[in-house]
Amino acid sequence: MSKSPIAMLGLLVAGCEGPFVPPPPYAPPPPLPASVEVSPDSATVITDDTLRLSAVVRDSTGQVLSGTAVSWTSADTTILVVVNALGTVRGLRPGVSTIRATAGAASGHVTVFVTPLVFDDFATGANHACAVANNHHAYCWGDNDDAEVGTGSASFLEAVPRRVRLATSCGELSPKGR
């Protein structure tokens, strides 16, 4: 009894293979954002100062979704602007604006109040002045012929108060050129 070579090859191949095992299923898709919680839930920032907001993104089961991209927008960019993707905002002028944090189709918001800049302590020079404001920054304005205002500007006159950088804290002011 002779068997055909094709039949023998079929038996040999069938004997080498095990039972059919389907490939593993694809991993489930990542959960979608269902809510965004912005903190603090209400905030105040002084004009010309910044405030860092934060957002927590959760899925439909309430689990935190870390690493989810969040975009930030301001309802009124004449009052409050978003400075970076980390949720930092800067107050431009007194007023109220809503900041919205969005992740996918979910979003959350916070109301931010921008308060006026108030100068607390003044010092004057011959034709310029400097002051410390309620946001703890120093501002100077006036004649700048000899860079006495300290803004780093080449302007001969700083007509409005400009924030200046100081090497030390603003406890006491003493402008150059008294």
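Residues numbered from 1 in each chain as written. Predicted model: local features only at pLDDT ≥ 70, side-chain atom pairs only at ≥ 80, totals over all residues. Heavy atoms only, no water.

## Some points on the pattern of salt bridges
On inspection of all chains with the given rule, the structure shows three salt bridges. For Arg-163, the salt bridge identified is with Asp-48, shortest N-O distance 3.5 Å. Of the two residues, Arg-163 sits in strand S13 (residues 157-164) while Asp-48 sits in the loop between strand S2 (42-46) and strand S3 (50-52), which places them 115 residues apart along the sequence. Residue classification places Arg-163 among the partly exposed residues on the basis of a relative accessible area of 30%. The salt bridge partner of Glu-158 is Arg-162, with a shortest N-O separation of 3.0 Å. Judged by its relative accessible area of 4%, Glu-158 falls in the buried class. Through salt bridges with shared partners, a single network forms among Asp-48, Arg-90 and Arg-163. (Salt bridge = Lys/Arg side-chain N within 4 Å of Asp/Glu carboxyl O. Helix = DSSP H or I, 4+ residues; strand = E, 2+ residues; numbered from the N terminus. Buried < 20%, exposed > 50% of the residue type's maximum accessible area, 1.4 Å probe, protein only.)

## Focus: the sheet that holds strand S7 (residues 88-91)
Strand pairing in a sheet relies on backbone hydrogen bonds. The paired strands run either parallel or antiparallel. Across the sheet, which stays open at both edges, the three strands sit in the order S3-S7-S6 with antiparallel pairing between neighbours. At either end of the open sheet lies a strand with only one pairing partner, and these are S3 and strand S6 (80-82). Shown here is a sheet whose adjacent strand axes are inclined to one another by a mean of 25°, direction ignored. As paired elements, S6 and S7 share three bridges and run antiparallel to each other. Residue pairing across strands places Val-82 opposite Val-89, the latter belonging to S7. (Pairing = 2+ DSSP bridges. Axes fitted to C-alpha atoms, helices over the stretch in contact; angles between N-to-C directions.)

## Thoughts on the nonpolar core
Core analysis: the biggest nonpolar cluster contains 19 residues, and Val-36, Leu-51, Leu-53, Leu-80, Ile-99 and Val-112 have the highest contact counts within it. If you list the elements that add at least two residues to this core, you get strand S1 (35-39), S2, strand S8 (95-103) and strand S9 (106-115). A total of four residues in this core trace back to one element, the largest contributor, which is S9. Contacts of Val-112, omitting those with residues within four sequence positions, involve Ala-43, Val-45, Leu-51, Leu-80, Gly-95, Val-96, Ser-97 and Ile-99. (Core = buried A, V, L, I, M, F, W, Y, C linked by side-chain atoms within 4.5 Å. Contact = heavy atoms within 4.5 Å.)

## Describing the environment of Thr-98
Along the chain, the position of Thr-98 falls in strand S8. For the pair Thr-98 and Val-110, spaced twelve residues apart in sequence, the C-alpha separation works out to 5.7 Å. Excluding its chain neighbours within four sequence positions, the residues that come into contact with Thr-98 are Thr-73, Ser-74, Ala-75, His-109, Val-110 and Thr-111.

## Re the packing of aromatic side chains
Inspection of every chain in the model, using the stated rule, returns four aromatic pairs. Here Phe-122 and Trp-141 contribute two aromatic rings whose centre-to-centre distance is 6.4 Å and whose plane-to-plane angle is 90°, an arrangement assigned as edge-to-face. Of the two residues, Phe-122 sits in strand S10 (residues 119-124) while Trp-141 sits in strand S12 (residues 138-143), which places them 19 residues apart along the sequence. Taking the relative accessible area as the measure of exposure, Phe-122 reaches 48% and is therefore partly exposed. One aromatic cluster is present, built from ring pairs that chain together Phe-119, Phe-122, Tyr-139 and Trp-141. (Phe/Tyr/Trp six-rings, centres within 6.5 Å; stacked < 30°, edge-to-face > 60°.)

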